[in-house]
Amino acid sequence: MKIISLLIITSALMASACSSPAATTTAPATMSPPAITASPKPITPPGISVTPTAVTSPQPTPSVSIIPPVSTTTNPPVPAIDASALFKQNCAPCHGFNREGVVGPALTAAALTSRGRNTQFIIDTITNGIRNMPAWKDRLTQAQINALAQFLQS
Ligand code: HEC
């Protein structure tokens, strides 16, 4: 009887030993799939959702900056009569960037008034020059010279 009971115990131990490795094989099989599927899922959606936002925002910005050049090309006379810029480019070397006078005399409104210069004299002087003052009729348009005369008296 003792031998039979030992056989029963050993067979029961073997049966439990066989069932336990079966349980351990199912455990790692279920562990690995969720580890793979979990990591790519959170990375991909934010990566895609951020990129279109960054791409769409620069696109309206250049399209907005294209519109102002179109409106300025419709008004070419306006930049042509930028008298302040014309003076800095052409006259400031001899008359000073603040019209204070260098080689040529001061051309502030007060200085011109004190010498009794009117608009016509200023336009004639710029157009034809006088002594060391060069003529500008071949380099500036009549509209530019008129704008410069108005600018100097302001
Ligand atoms: C190369 C130097 C030079 C440049 C450049 C020059 N000027 Fe003159 N300008 C003179 C000189 C010198 C005189 C004085 C001429 C004289 O009366 O002997 C003068 C005189 C004048 C006068 C008359 C001032 C007065 O009360 O008698 C005006 C106005 C004038 N310049 C405007 C201009 C303008 C506007 C420009 C730019 C488009 C210009 N000048 C560029 C040298 C220059």
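Residues numbered from 1 in each chain as written. Predicted model: local features only at pLDDT ≥ 70, side-chain atom pairs only at ≥ 80, totals over all residues.

1. Let's talk about the overall build of the protein chain
Thinking step 1. The number of helices and strands found in the protein chain is nine helices and zero strands.
Thinking step 2. In the protein chain, 46% of the contacts between residues at least 6 apart in sequence involve partners at least 24 apart. (Helix = DSSP H or I, 4+ residues; strand = E, 2+ residues; numbered from the N terminus. Contact = placed C-beta atoms within 7 Å.)

2. Notes on the site of the ligand
Thinking step 1. Near the ligand there are 22 residues, and of these C91, C94, G104, R131 and M133 occur at the shortest range.
Thinking step 2. Among the elements of the structure, α6 (92–95) and α8 (119–128) are those that each provide at least two residues to the shell around the ligand.
Thinking step 3. Residues of the shell around the ligand, tallied by class, amount to 14 nonpolar, five polar and three charged. (Near = placed C-beta within 6 Å. Nonpolar A, V, L, I, M, F, W, Y, C, P; charged D, E, K, R; others polar.)

3. Comments concerning the environment of F97
Thinking step 1. Positionally, F97 belongs in the loop between α6 and α7 (109–114).
Thinking step 2. Taking the number of C-beta atoms within 10 Å as the measure of exposure, F97 has 11 and is therefore exposed.
Thinking step 3. Counting along the chain gives 13 residues from F97 to S84, while the straight-line C-alpha distance between them is 9.7 Å. (Buried ≥ 20, exposed ≤ 12 C-beta atoms within 10 Å, placed from the backbone.)

4. So, the nonpolar core
Thinking step 1. One finds L107, L112, I122, I126, I145, A147, L148, A149, F151 and L152 forming the largest nonpolar core, which totals 10 residues.
Thinking step 2. Going through the elements one at a time, α8 and α9 (142–152) are the ones with two or more residues in this core.
Thinking step 3. It is α9 that provides the largest number of residues to this core, a total of six residues.
Thinking step 4. Once you skip the residues sitting within four places of it in the chain, I126 turns out to touch W136, I145, L148 and A149. (Core = buried A, V, L, I, M, F, W, Y, C linked by C-beta atoms within 7 Å.)

5. Description of unusual backbone geometry
Thinking step 1. A positive phi angle is found at R99, which is not glycine, with a value near 60°.
Thinking step 2. Tracing the chain through its elements places R99 in the loop between α6 and α7.
Thinking step 3. The backbone of R131 sits at a positive phi, close to 50°, despite the residue not being glycine.
Thinking step 4. The topology assignment puts R131 in the loop between α8 and α9.
Thinking step 5. Exposure remark for R131: the 5 C-beta atoms within 10 Å place this residue in the exposed category.

6. Looking at the confidence of the model for the protein chain
In regions of low pLDDT, the predicted coordinates are not meant to be interpreted in detail.
Thinking step 1. Residues of the protein chain with pLDDT of at least 70 account for 48%, and the chain-wide mean is 73.
Thinking step 2. Segment residues 3–30 is flagged for pLDDT under 50; beyond a separation of four residues in sequence, or across chains, it makes zero contacts in the model.
Thinking step 3. Below a pLDDT of 50 lies the segment residues 32–40, which in the model reaches zero contacts outside its immediate sequence neighbourhood of four places, other chains included. (pLDDT = per-residue confidence, 0-100.)

7. A look at the packing of helix α5 (residues 83–90) against α9
Thinking step 1. For the pair α5 and α9, interaxial distance at closest approach is 9 Å and the crossing angle is 95°. The angle between the axes of α5 and α9 places the two elements in the roughly perpendicular class. Contacts from A83, S84, L86 and F87 of α5 reach α9 at Q144, A147, L148, Q150 and F151.
Thinking step 2. Residue classes in the contact of α5 with α9 are distributed as six nonpolar, three polar and no charged. (Axes fitted to C-alpha atoms, helices over the stretch in contact; angles between N-to-C directions. Parallel < 35°, antiparallel > 145°, perpendicular 65-115°, else oblique.)

8. Considering α9
Thinking step 1. All of the buried residues in α9 are I145, A147, L148, A149, F151 and L152.
Thinking step 2. On its buried side, α9 packs onto α5, α7 and α8.

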